[in-house]
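Structural features, examined
Take a look at the letters that make up each chain.
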Amino acid sequence: MIDFKIKKISSLGELTLEEVELWRSFLTNVNDPRTVFQQPELLFNLPNIENRIYGIINYVVFSEGKIIGIFSFKKQVVNKVLKFGHLTILTKKVDEIRSFGCGKLLEIPLDGQDDIKNTIVDLLKKETLQNDSYVFLEAIEEYDLLYSFQEKRFTQFHLDESDTYLMYFETDFDAFLKARSKSKRNSIKKDLRRFEREYEGRFAIKIGPVDVSAEEFINKANLILNRSWKKGIIGSIVGSSNFSRQLEILNEFGLVKTFVLEVDNAPVAFAIGYYSEQNFFYEEIAYDENFAKSGVGSYLTISAIKLLHQKIQLNESGTKPIFSFGVGDNIYKRKLYSYKLKSKNLMLCKPSSQIKLFFQTKVVFDYCYKSIRQGLIKLDLHTALRRRFKQRLQNKD
């Protein structure tokens, strides 16, 4: 049993100067790339960045004069879409309380965290008083406080599970290569050589905000997105209507790095990531599909890691900064990562709420579609059908 108190914070003005310093100290000590959006200057600006966000909730855990946990949520209005594969069945506007940032506790062993966990769950239940409101725990990692819990008054929907790939920064890029296995090291070098030989003297990487302004980056990124596999299939953070304001604030506080790869002075790939202390979160990458066979995406990612090694330094304690690739499995991540963590998405709603039936149907549809998809893959039909469907979507534009 530990002595603790939890303070609900919704604005920067609710924090004393001492608490702001404790907040910063926690973010440094937790050493997690996801804390970038929990930086106070950025965190409480989120409603000004994204129109659909109408509130910020932070449950700040204090113990023995220190902050040992900050659990952040954004309250927003979203359109939830019920799909069967790519086919839209129903769209429903709902109130969502979505987690973000780091959900870890410092200095508390896992078997001593239940009291804090139960208190936060009780607080979240009070936030879901509206019939169509729910809590979305997004990409929570296996060591996060809310990764698993028993709570009968919340119905849980496990939407999916995945891996989060993370990489340690080394003293320099050569040391980074040496830390990989021989086969992975050779594969990384091969990816670099292949692109450089094919486009020798014809390519350049522009790094923002120095080489490319925020406005230039967004314009170039949108050109790439229109020629990428993302068009008409999935959303893009960079391509969203509110991203320019977000990038402006991130640039103001020195929390962002943008990369644009150009061939013959034309943009062919972009990447963007965020700083949290010395850690780096790789937010998004996209590339022109016409350059896919040359490995343009892998080349830009490896080059970004190489360039970041020139900026990020190991601290005196020897704690290595972390590069997070985020959730999802890709071949390039398996070449580059140092370790991985299990993560999952959880939907939480009251058993009596209308939204419960919506999620129950979604779970059934997702399961059925995945089963059909596996059958199509075995019959070598999935790729062809997916390509045909994507072409039809793009032709509508």
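As the structure is a computational prediction, the values presented were derived from the model and not from experiment. (Residues numbered from 1 in each chain as written. Predicted model: local features only at pLDDT ≥ 70, side-chain atom pairs only at ≥ 80, totals over all residues. Heavy atoms only, no water.)

1. A look at unusual backbone geometry
As a reminder, the rule being used: Secondary structure elements are defined from DSSP: runs of H or I of at least 4 residues count as helices, runs of E of at least 2 residues count as strands, and each element is numbered from the N terminus. Accessible area is worked out with a 1.4 Å probe on protein chains only. A residue is then buried under 20% of its type maximum, exposed over 50%, and partly exposed in between.
Following G208, the chain continues into P209 via a peptide bond in cis, with omega recorded as 10°. In this structure, E64 takes a positive phi of about 50° despite not being glycine. As for its position among the elements, E64 is in the loop between strand 2 (53–63) and strand 3 (66–84). Looking at E64, the relative accessible area reads 75%, which means it is exposed.

2. Remarks on the nonpolar core
The line we're drawing: The term nonpolar core refers to a set of buried residues drawn from Ala, Val, Leu, Ile, Met, Phe, Trp, Tyr and Cys, joined through side-chain atoms within 4.5 Å. The criterion used for residue contact is that any of the two residues' heavy atoms lie within 4.5 Å.
Residues W23, L46, F217, F243, F270, I272 and Y274 are the most contacted members of the largest nonpolar core, which totals 41 residues. If we ignore the near neighbours within four places in the chain, the residues touching I272 are F217, V238, F243, L247, V256, K257, T258, F281, Y282, E283 and E284. Core analysis: the second largest hydrophobic core is formed by 34 residues, F176, A269, A271 and I285 among them.

3. A short note on the side chain of S63
The following threshold applies: Two N or O atoms form a polar contact when they lie within 3.5 Å of each other; inside protein one atom must be a possible hydrogen donor and the other a possible acceptor, and for residues adjacent in sequence the pair counts only when both atoms belong to side chains.
When you line up the elements, S63 lands in strand 2. You can call S63 buried: its relative accessible area is 10%. From its side chain, S63 meets the backbone oxygen of D3 in a polar contact 2.9 Å long.

4. Some remarks on the sheet that holds strand 8 (residues 256–263)
Put simply, the test is: Here, strands pair whenever DSSP counts at least two bridges between them. In this analysis an axis means a line fitted to C-alpha atoms, helices contributing only their contacting stretch, and an angle means the value between N-to-C directions, from 0 to 180 degrees.
Ordered by their spatial adjacency, twelve strands build an open sheet running 1-2-3-4-5-12-6-11-10-9-8-7, and the pairing between neighbours is mixed. With one partner strand each, in any of the chains shown, strand 1 (5–9) and strand 7 (203–208) form the two edges of the open sheet. In this sheet, adjacent strand axes meet at a mean angle of 25° when their direction is disregarded. As paired strands, strand 1 and strand 2 are joined by five bridges and run antiparallel to one another. Paired with K5 across the two strands is F62, which belongs to strand 2.

5. Brief notes about the packing of aromatic side chains
Two aromatic rings, taken as a pair, are described by how far apart their centres are and by the angle between their planes. For clarity, the threshold we go by: Here a Phe, Tyr or Trp ring, Trp counted by its six-membered ring, pairs with any other such ring whose centre lies within 6.5 Å, and the pair is stacked when the planes are under 30 degrees apart, edge-to-face when over 60, and tilted otherwise. In this analysis the charged atom, NZ for Lys or CZ for Arg, is taken to sit over a ring once it is within 6 Å of the ring centre and within 35 degrees of the ring normal.
On inspection of all chains with the given rule, the structure shows 22 aromatic pairs. With 6.0 Å between their ring centres and 75° between their planes, F325 and Y332 make a pair best called edge-to-face. Across this residue pair, the class does not change: F325 and Y332 are buried. Taken together, the ring pairs in this structure connect F169, Y275, F280, Y282, F323, F325 and Y332 into an aromatic cluster. The lysine or arginine in question, K5, covers the ring of F62, its NZ or CZ lying 5.5 Å from the ring centre. Of note, K344 hangs over the ring of Y147, and the distance from its end group to the ring centre comes to 4.2 Å.

6. Points about the environment of N118
The residue N118 is located in helix 4 (residues 114–127) in this model. You can call N118 partly exposed: its relative accessible area is 38%. For the pair N118 and Q150, spaced 32 residues apart in sequence, the C-alpha to C-alpha distance is 9.1 Å.

7. Brief notes about a positive patch on the surface
To keep things clear, this is the line we draw: Each patch is assembled from residues with relative accessible area greater than 30% and no salt bridge, linking like charges that lie within 9 Å and nonpolar side chains (Val, Leu, Ile, Met, Phe, Trp, Tyr) that lie within 5 Å. In these tables, accessible area is a Shrake-Rupley quantity obtained with a 1.4 Å probe, and a residue counts as shielded only by the protein chains included in the view. Whenever a carboxyl oxygen of Asp or Glu lies within 4 Å of a side-chain nitrogen of Lys or Arg, that contact is scored as a salt bridge. The sign given to each residue is positive for Lys and Arg and negative for Asp and Glu; His and the chain ends receive no count. By convention, the charge on Lys lies at NZ, on Arg at CZ, on Asp at CG and on Glu at CD.
On the surface, a cluster of positive charge is contributed by K189, K190, R193 and R197. Within the secondary structure layout, K189 lies in helix 6 (residues 182–198). Overall, K189 belongs to the partly exposed group, its relative accessible area being 35%.

8. Thoughts on the confidence of the model for the protein chain
Test applied: One confidence number per residue, pLDDT, is output by the predictor and ranges from 0 to 100.
Residues at a pLDDT of 70 or more form 90% of the protein chain, whose mean pLDDT is 86. Helix 12 (residues 382–396) is the least confidently modelled element of the protein chain, averaging 58 in pLDDT, while helix 9 (residues 296–309) averages 96, the highest of any element.

9. Structural notes on the packing of helix 6 against helix 9
Condition: Oblique is the label for any angle not under 35 degrees, not over 145, and not in the 65 to 115 range, which are roughly parallel, roughly antiparallel and roughly perpendicular in turn. Here is the rule for handedness: rotate from the far helix to the near one, and if that takes an anticlockwise turn smaller than a right angle the crossing is left-handed, while a clockwise turn gives right-handed. Residues are grouped as follows: Ala, Val, Leu, Ile, Met, Phe, Trp, Tyr, Cys and Pro are nonpolar; Asp, Glu, Lys and Arg are charged; every other residue, Gly included, is polar.
Following both chains from N to C, one finds helix 6 and helix 9 inclined at 115°, their axes separated by 9 Å at the closest point. In terms of axis orientation, helix 6 runs roughly perpendicular to helix 9. By crossing handedness, the relation of helix 6 to helix 9 is classed as left-handed. Contacts between helix 6 and helix 9 involve I188, D191, L192, F195 and E196 from the former and V296, S298, Y299, I302 and S303 from the latter. Grouping the constituent residues of the contact of helix 6 with helix 9 by class yields six nonpolar, two polar and two charged.

10. Topic: a nonpolar patch on the surface
The grouping of L87, I89 and L90 at the surface amounts to a nonpolar patch, some 280 Å² of accessible area in total. Mapping L90 onto the fold places it in strand 4 (residues 87–100).

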